[in-house]
Amino acid sequence: MADRTRVGVLISGRGSNLKALLDAQASADCPYEIALVVSNVEDAPGLDFARALGIATFAKAHKGMKRAEFDALVDAELRAHNIEAVALAGYMRLLSPGFVEGWAGRMINIHPSLLPLYKGLDTHQRAIEAGDAKHGCSVHLVTAELDDGPIIAQAEVPILPGDTPDTLAARVLVEEHRLYPLALAELVRTL
Ligand code: GAR
């Protein structure tokens with residue numbers, strides 16, 4: 001499928017959202033193809049999902065490098081693989097303004113909250129503690145601000161009596177895996 005948009009996915013850990021994106025691209029009408037997976041954690045478990053499919057990976061610890069310097073390396077890898085759009089999938093590192101600018105309008109992130117609520121970490125615990133009735137996940141275009149930028153898709157789940165951060169996270173994750181492939185497909189169709 002030569003006309004599929006080449007996507008780079010950035011991860012830091014488990015990679016279950018990467019797996020969902022990969023599963024969706026098995027469908028004949030998927031408009032994207034993941035051509036590179038990058039991690040700032042050298043042994044991120046999610047890298048194995050890419051390796052199992054023979055997809056190129058670039059894993060390098062950011063430790064000891066300036067943010068802009070590390071991001072320039074990542075950018076060079078993405079360009080070398082002719083990547084046209086970027087999906088952050090549990091990439092737990094702030095991006096430098098120059099990197100964000102270079103991918104403006106072509107880079108999305110998934111975040112486990114109904115943005116603009118609960119940017120940052122511990123979103124499930126914060127939603128429970130606030131007494132919210134609902135929670136969920138959001139996909140947004142990436143801007144220089146953390147977990148900010150125009151929202152392109154959201155999915156809600158109820159918060160149930162007795163929920164813990166773990167039970168709520170599991171309910172949200174099901175929706176993340178459904179929503180992210182749809183949102184990435186929607187983005188690349190507009191490029
Ligand atoms: C996901 O829940 C994702 O929404 C979240 O990290 C998890 C990664 O899981 N991302 C953020 O919090 C970004 N601010 P995964 O590695 O299994 O996809």
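Above this text you will find the structure in question.
Read on for a plain summary of the structure. (Residues numbered from 1 in each chain as written. Predicted model: local features only at pLDDT ≥ 70, side-chain atom pairs only at ≥ 80, totals over all residues. Heavy atoms only, no water.)

### Details of the overall build of the chain
How we decide: Where helices and strands are cited, they refer to DSSP runs of H or I of at least four residues and of E of at least two residues respectively, numbered from the N terminus. The globule rule used for comparison is 2.2 Å times the number of residues to the exponent 0.38, while the radius of gyration itself is calculated over C-alpha atoms.
On a plain count of helices and strands, the chain comes out with six helices and seven strands. The order of α-helices and β-strands along the chain, N terminus first, is β-α-β-α-β-α-β-α-β-α-β-β-α. On C-alpha atoms alone, the chain measures out to a radius of gyration of 16 Å, which is about the 16 Å that the 2.2 N^0.38 rule sets for 191 residues. Across its three principal axes, the chain shows a C-alpha extent of roughly 50 × 40 × 30 Å.

### Observations regarding the site of the ligand
Short version of the rule: Only heavy atoms are used to decide nearness, and a residue is near a molecule or strand if one of them lies within 4 Å of it. Pairs of N or O atoms are called polar contacts if they sit within 3.5 Å, as long as, within protein, a hydrogen donor faces a hydrogen acceptor (for residues adjacent in sequence, only side-chain-to-side-chain pairs). Using the Shrake-Rupley algorithm and a 1.4 Å probe, accessible areas are obtained, with residue cover drawn only from the displayed protein chains. Space inside and on the surface of the protein is sampled on a 1 Å grid over the protein atoms alone, with a cavity defined as a set of points where a 1.4 Å probe fits but cannot get out and a pocket as an open set with protein on both sides within 12 Å along at least 5 of 7 lines; lining residues have an atom within 4 Å of a point. Assignment of a molecule to a cavity or pocket requires that more than half of its atoms lie within 2 Å of the corresponding grid points. Throughout, the ten residues Ala, Val, Leu, Ile, Met, Phe, Trp, Tyr, Cys and Pro are labelled nonpolar, Asp, Glu, Lys and Arg are labelled charged, and all others, Gly among them, are labelled polar.
Around the ligand, a shell composed of Arg14, Gly15, Ser16, Asn17, Gly90, Met92, Ile110, His111, Pro112, Asp147 and Glu176 is seen. Within the backbone of Gly15, one N or O atom sits 2.8 Å away from an oxygen atom of the ligand. His111 places a side-chain nitrogen or oxygen 3.0 Å from a nitrogen atom of the ligand. The protein chains hide 88% of the 450 Å² of surface that the ligand would expose on its own. The cavity that encloses the ligand is the largest pocket. Those elements giving two or more residues to the shell around the ligand turn out to be α1 (16-24) and β5 (107-111). Counted by class, the shell around the ligand contains three nonpolar, five polar and three charged residues.

### A few points about the nonpolar core
Counted only if it meets this: For our purposes a nonpolar core is just a set of buried Ala, Val, Leu, Ile, Met, Phe, Trp, Tyr and Cys residues, chained together by side-chain atoms within 4.5 Å. Note on exposure labels: buried denotes an accessible area under 20% of the residue type's maximum, exposed denotes more than 50%, and partly exposed covers the range between, all computed with a 1.4 Å probe on protein chains only.
Membership of the largest hydrophobic core comes to 36 residues, with the highest contact counts inside it found for Val7, Val9, Ile34, Val37 and Leu184. Top element by residues in this core is helix α6 (residues 165-190). It accounts for eight residues.

### Some words on α1
As a reminder of what qualifies: Residue contacts follow a heavy-atom distance rule, with two residues in contact if any of their heavy atoms lie within 4.5 Å.
Along α1, the residues that are buried comprise Ser16, Asn17, Leu18, Ala20, Leu21 and Leu22. Considering only its buried residues, α1 is in contact with β1 (5-11), β2 (32-39), α2 (47-52), β4 (85-88), β5 and α6.

### Observations regarding the packing of aromatic side chains
The geometry of two aromatic rings is summed up by the distance between their centres and the angle between their planes. Worth spelling out the cut-off: To pair, rings of Phe, Tyr and Trp, with the six-membered ring standing in for Trp, must have centres within 6.5 Å; the planes then decide the type, stacked if under 30 degrees apart, edge-to-face if over 60, and tilted in the middle. Charge-over-ring placement is defined geometrically: NZ (Lys) or CZ (Arg) within 6 Å of the ring centre, and within 35 degrees of the ring normal.
Using the criterion set out here, one finds zero aromatic pairs in the structure. Positioned over the ring face of Trp103 is Arg79, at 4.0 Å from the centre of the ring.

### What to know about the packing of α1 against α6
Test applied: Think of each axis as a best-fit line through the C-alpha atoms, taken over the contacting stretch in the case of a helix, with angles from 0 to 180 degrees between the N-to-C directions. The cut-offs work like this: below 35 degrees is roughly parallel, past 145 is roughly antiparallel, 65 to 115 is roughly perpendicular, and the gaps in between are oblique. Each crossing gets its hand from how the near helix is turned against the far one by less than a right angle, where anticlockwise is left-handed and clockwise is right-handed.
Between α1 and α6, whose axes approach to 9 Å, the crossing angle comes to 50°. Here α1 lies oblique to α6, going by the angle between them. Handedness of the α1/α6 crossing: right-handed. The segment α1 lies against α6, with Ser16, Asn17, Ala20, Leu21 and Ala24 engaging Leu173, Glu176, His177, Tyr180, Pro181 and Leu184. Broken down by class, the residue content of the contact of α1 with α6 amounts to seven nonpolar, three polar and one charged.

### With respect to the environment of Lys63
Take Lys63: it is sitting in the loop between β3 (56-59) and α3 (67-80). Between the C-alpha atoms of Lys63 and Gly162, which are 99 residues apart in sequence, the distance is 39 Å.

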